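# Report on the structure
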Amino acid sequence: MASLPLPLPTISSHSHLTLRRKLTGKPPHIPSGVTCNAENVEKTPQHPKLDRRNLLLNIGGLYGATNLITTPPPASATPISSPDLSTCSQGTNLNTQQPLDVNCCPPFSDKIIDYKLPHTSHHHRRLRPAAHLASKEYIAKYERATALMKALPDDDPRNFMQQANVHCAYCNLTYDQTGDESEKLQIHNCWHFFPWHRWYLYFYERILGKLIDDPTFAIPYWNWDNPDGMAIPAMFVKENSPLYDERRNQTHLPPTPADLLYSSTSKTDPNIIIPTNLTEMYGEMVRNVSNIEDFYGAKYVVGTAPDPGPGTVERGSHTALHAWVGDPRSPAGEDMGNFYSTARDPIFYSLHANVDRLWSVWRGLRGHRPKEFEDEDWLEASFVFYDENAQLVRVRVKDTLEDEKMGFSYQKVDLPWLDKRPKARVRRSRIASKAVGVSNVFPVKLDKVVRVLVERPKRKKGEEELLVIEGIEVDTSKFVRFEVFVNDEDDEPGEVKERAEYAGGYSQVPHKNSTKVKSKIRLGLRELLEDLDVEDDDKILVTLVPRAGGEDITIGGVKIIYV
Ligand code: C2O
């Protein structure tokens, strides 16, 4: 089994990026999916305020075409900045216009300090253990810290429920974007997914450490990408423990391994689940990631409508785990299965510690290739959190890029998915004979399997080829999932396990409020086309298979781009 030493990320100097933009009134709307980086321009205008239906119809008719109508991207945008807590609103169900029945606004404070990473001496380093390997003593300590956190006064921002509400507030459209009150703040399904959660865990961990007076205390990670750690870790299923939550799917308790492609029908056979999970992890970490954006998610700045597009891990294993742990007996999949309630389950923090660890692992796998955006709109974005002293602090994305500096590291384990490149069952599959029942009308509803022939406008040297599924419209209050296969022989591809034709999937964790969003995903094709031996073909057959909530998914278009 492969295990990699993780070289420390090199941080380029961004001091030239310290230019601060003053917000003068309402900034222009920035088309999402358009970056300022010239090498990385996608030519699909996605004006958040524009009804894209006509445009998407065009894409549907021209699948593969890249000469779409373009509006020149603005030279600069404004990074997302920390919300004004005084504007936190209970939130509205945008379908019914009724207020939400949950209020997750944090206590108000108008004293905000710009956070500086403390100097961590060697003795104060926090080593985050794999939950399934944690010692009795460690578990006792974690239980004690969590109990203390739950016992804090209700209005203490460090109280467990207040901490859970931090997630709710940032994820349930309760804040306006600072600088554009017509758009809401949402840190999921975009390029802030990794850095925002890193900061969230960072303060959660420091609060716990402070409560037990242990500056080395580190939260455990749920090692669900490794067969040894795939079940819910034992420390979370002990009734009467402060780490226990009864609102979980009772058929998914240990020893059942987590299903990283969960789609609301439970698989139970570990001989299917485990290899399928490893295929999925290989896809999320290696195969489907040609480009930084594929991993991190799409650009999101002031003026961008929420949910422009999630990265591989966010929309894949991460979302599946939320839905897989959540309790089908509760009305909205509580706790883990819904954004507003998910952080009320202590396992949330371990799920996300592993997401965070995978971010570091991925950076290590990149070698000399870029590990992060150099875009100031990403680096300078800021959020606010209450720290371990109940002080409101402003933090920036650019400070999350070195685990070392943030003072934590992860217990090393094997990466069993790293050598799981799937093998093609049929080389040179004959897609022409399969080109019956092919759809070319978009938008199309995914209430059935949809197959589409997509042209490859020929790759140029040195460019990565990406399959883009765009204009994905879903109802955000529903759990949805679909999978994408390329040149698959079957009319309705079933298994993902070790399947070279599997190109990736899309799924999303329900929000409490229901809105329609338009999102997109990008799937790296290089390895897949090599494996199927169809690199020279001028078309590929793409099959979109709904797995959950298909009647609530609409696809705007499918095309190939080169970046
Ligand atoms: Cu902020 Cu896993 O969700």
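Just so it is clear, the structure is predicted and the values come from calculations on it, not from any experiment.

Reading guide: rules and limits
- Residues numbered from 1 in each chain as written.
- Predicted model: local features only at pLDDT ≥ 70, side-chain atom pairs only at ≥ 80, totals over all residues.
- Heavy atoms only, no water.
- Helix = DSSP H or I, 4+ residues; strand = E, 2+ residues; numbered from the N terminus.
- Contact = heavy atoms within 4.5 Å.
- Areas by Shrake-Rupley, 256 points an atom, 1.4 Å probe, with all protein chains shown as cover.
- Axes fitted to C-alpha atoms, helices over the stretch in contact; angles between N-to-C directions.
- Parallel < 35°, antiparallel > 145°, perpendicular 65-115°, else oblique.
- Left-handed = near helix turned anticlockwise from the far one by under 90°.
- Nonpolar A, V, L, I, M, F, W, Y, C, P; charged D, E, K, R; others polar.
- Phe/Tyr/Trp six-rings, centres within 6.5 Å; stacked < 30°, edge-to-face > 60°.
- Lys NZ or Arg CZ within 6 Å of the ring centre and 35° of its normal.
- Pairing = 2+ DSSP bridges.
- Expected span 1.5 Å × (residues − 1).
- Buried < 20%, exposed > 50% of the residue type's maximum accessible area, 1.4 Å probe, protein only.
- Arc of directions from axis to C-beta.
- UniProt positions renumbered as here; feature names shortened; annotations may be inferred.
- Core = buried A, V, L, I, M, F, W, Y, C linked by side-chain atoms within 4.5 Å.
- Disulfide = S-S within 2.5 Å.

Turning our eyes to something else, we now look at the overall build of the protein chain. Along the protein chain, the regular secondary structure elements total 11 helices and 18 strands. The long-range share in the protein chain, meaning contacts at least 24 apart out of those at least 6 apart in sequence, stands at 79%. For the protein chain, the accessible surface area stands at approximately 21,600 Å², while carbon and sulfur atoms represent 51% of it.

A word on the packing of helix α7 (residues 312–325) against helix α8 (residues 347–365). Packing of α7 against α8 brings their axes to within 11 Å, and their N-to-C directions diverge by 165°. With respect to each other, α7 and α8 are oriented roughly antiparallel. Of the two elements, α7 crosses α8, and the hand of that crossing is right-handed. On α8, the residues that touch H318, L321, H322 and V325 of α7 are I347, F348, L351, H352 and V355. Residue classes in the contact of α7 with α8 are distributed as 6 nonpolar, 3 polar and no charged.

This part covers unusual backbone geometry. Of note, the amide linkage connecting P254 to P255 takes the cis form, showing an omega dihedral of 10°. As for its position among the elements, P255 is in the loop between α4 (193–211) and α5 (270–287). The omega torsion of the bond from F442 to P443 falls at 0°, within 30 degrees of zero and hence cis. Inspection of the secondary structure assignment puts P443 in the loop between β9 (408–410) and β10 (444–445). Located in the positive-phi region is N189, a residue other than glycine, with phi close to 55°.

What follows covers the packing of aromatic side chains. Within the structure shown, the criterion is met by 38 aromatic pairs. For the cation-ring pair, R128 lies above F408, with the distance from its terminal atom to the ring centre recorded as 3.9 Å. A cation over an aromatic ring shows up here: K150 above the ring of F160, its NZ or CZ 4.8 Å from the ring centre.

Bringing the sheet that holds strand β3 (residues 112–114) into the picture now. Pairing within the open sheet is mixed, and its 3 strands lie in the order β3-β8-β7. Edge positions in the open sheet fall to β3 and β7 (382–386), since each of these has one partner strand only. The sheet shows a mean angle of 35° between the axes of neighbouring strands, taken without regard to direction. In the sheet, β7 pairs with strand β8 (residues 392–396) via 5 bridges, with the strands oriented antiparallel. Considered in β8, the bridge of S382 is made with R396. Strands in contact with α4 are β7 and β8; relative to β7, the strand with the most contacts, it is inclined by about 20°.

So, about helix α2 (residues 136–151). In an α-helix there are 3.6 residues to a turn, and that puts residues three or four apart on one side. Compared with an ideal rise of 1.5 Å per residue, which puts 16 residues at 22 Å, α2 spans 23 Å between its outermost C-alpha atoms and is within 8% of the ideal. Within α2 the residues assigned to the buried category are Y138, I139, Y142, E143, A145, T146 and M149. Buried residues of α2, seen end-on, are gathered within an arc of 165° and therefore sit on one face of the element. Set apart from the buried face of α2 by more than 90 degrees, the exposed residues are K136, E137 and A151. Next to the buried residues of α2 lie α3 (160–171) and α4.

The end-to-end C-alpha distance of α4 is 28 Å, a good match for the 27 Å that 19 residues give at a rise of 1.5 Å each. In terms of burial, α4 is largely enclosed, as 17 of its 19 residues are buried. Where α4 ends, the next residue or the one after it, D213, has phi of about 55°, a positive value.

Here, the residues flagged by UniProt with the feature "binding site: Cu cation B" (unreviewed entry) are H318, H322 and H352. Taken along the chain, the residues just named run across 35 residues; in space they keep tight, none of their C-alpha pairs more than 10.2 Å apart. By secondary structure assignment, the location of H322 is in helix α7. Look past the residues within four positions of H322 in its chain and what remains in contact with it is M336, G337, T342, F348, L351, H352 and V509.

Quick look at the pairing of strand β12 (residues 465–475) now. Among the 11 residues of β12, 11 are classified as buried, and the element is accordingly described as predominantly covered. In this structure, β12 lies alongside strand β18 (residues 557–562), joined through 6 bridges in antiparallel fashion. When the sheet's bridge partners are listed, I469 is paired in β18 with V558. Relative to strand β15 (residues 516–524), β12 is paired through 8 bridges, and the arrangement is antiparallel.

By secondary structure assignment, the location of S382 is in strand β7. Leaving out residues up to four positions away in the same chain, S382 has contacts with I80, S81, S82, R394, V395 and R396.

Here the focus is the nonpolar core. Ranked by internal contacts, the top residues of the largest apolar core, which has 105 residues, are Y170, W222, Y296 and F383. The element best represented in this core is α4, accounting for 11 residues. Contacts of Y170, omitting those with residues within four sequence positions, involve P83, Y175, L185, Q186, I187, W196, F383 and V384. Core analysis: the second largest hydrophobic core is formed by 33 residues, V452, V480, V517 and Y562 among them.

On to the state of the cysteines. Evaluation of the coordinates by the stated rule reveals 2 disulfides. A sulfur-sulfur separation of 2.1 Å characterises the disulfide bridge that pairs C88 with C105. Judged by the sign of its S-S torsion, about -90°, the bond between C88 and C105 is left-handed. Placement of C88 in the loop between α1 (53–61) and β1 (92–93) and of C105 in the loop between β2 (98–99) and β3 is noted, with a sequence separation of 17 residues between them. Note that C104 is cross-linked by a disulfide to C168, the S-S spacing being 2.1 Å. Sign of the S-S torsion, about -65° for the bond between C104 and C168, identifies this disulfide as left-handed. On the criterion of sequence distance, the pair formed by C104 in the loop between β2 and β3 and C168 in helix α3 is long-range, its members being 64 residues apart. In the protein chain, the bonded cysteines, taken in the order they occur along the sequence, pair up as 1-3, 2-4. Looking at the unpaired C171, the closest cysteine sulfur is the one in C168, lying at 7.5 Å. For C171, a relative accessible area of 0% corresponds to the buried category.

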